[in-house]
Amino acid sequence: MQQILALMIPLAPFLMVVAIVWMKNQRRLEEKRLDAAANHSAEAAARHATQVAELENRVRVLERIVTDKGYDVASQIEALRDQQRVDEQGTGTPLDIRNREKA
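Computed from a prediction, not measured in an experiment: that's the story for all the values here. (Residues numbered from 1 in each chain as written. Predicted model: local features only at pLDDT ≥ 70, side-chain atom pairs only at ≥ 80, totals over all residues. Heavy atoms only, no water.)

The helix and strand tally for the protein stands at three helices and zero strands. N-terminal to C-terminal, the α/β element order of the protein is α-α-α. The buried share of the protein, reckoned over its 103 residues, is 1%. (Helix = DSSP H or I, 4+ residues; strand = E, 2+ residues; numbered from the N terminus. Buried < 20%, exposed > 50% of the residue type's maximum accessible area, 1.4 Å probe, protein only.)

With that out of the way, let us pick up the pattern of salt bridges. For the structure shown, the criterion picks out two salt bridges. Glu-31 is paired through a salt bridge with Arg-27; the nearest N and O atoms lie 3.8 Å apart. One end of the pair, Glu-31, and the other, Arg-27, are both in helix 1 (residues 2-67), four residues apart, so they sit about a helical turn from each other. Residue classification places Glu-31 among the partly exposed residues on the basis of a relative accessible area of 43%. Among the ionic pairs, Arg-33 bridges to Glu-30, the shortest N-O distance being 2.4 Å. You can see Arg-33 and its partner Glu-30 sitting in helix 1, three residues apart, about one turn around the helix. A residue is classified by how much of its surface remains accessible, and Glu-30, at 36% relative accessible area, is partly exposed. (Salt bridge = Lys/Arg side-chain N within 4 Å of Asp/Glu carboxyl O.)

Our next topic: helix 1. Every α-helix winds through 3.6 residues per turn, so residues three or four apart in the chain are directed the same way. The end-to-end C-alpha distance of helix 1 is 93 Å, a good match for the 98 Å that 66 residues give at a rise of 1.5 Å each. Maximal helix bending in helix 1 amounts to about 45°, located at Leu-11; proline Pro-13 follows within four positions. (Expected span 1.5 Å × (residues − 1). Bend = angle between axes of the 7 residues up to and from the residue.)

The next point concerns a nonpolar patch on the surface. The grouping of Ile-4, Leu-7, Met-8, Leu-11, Phe-14 and Leu-15 at the surface amounts to a nonpolar patch, some 630 Å² of accessible area in total. In this structure, Leu-7 sits in helix 1. On the basis of relative accessibility, which here comes to 54%, the residue Leu-7 falls in the exposed class. (Patch = residues over 30% accessible without salt bridge, like charges linked within 9 Å, V, L, I, M, F, W, Y side chains within 5 Å. Areas by Shrake-Rupley, 256 points an atom, 1.4 Å probe, with all protein chains shown as cover.)

Quick look at the structure:
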């Protein structure tokens, strides 16, 4: 036991220096990792802010179009539906009216 203690006493300062250097290195690495994560999240936040701003502008334009008094969305949708029904049924006014009247 005294031999181990006699061996450890001279080695203790060296072991302490190694432990201190290792701890400092680990702290620096952790700080670099945190900085990289913060930079990445800041870039992502900037991208998201840009996308949100673009979407808000698009919504404003759509709101302006829909709320414009001269723009009647419902009647235009119904007109398109009516046109689709006429096309599907094959009914409506024939294009060659003159030929059918003579016959």
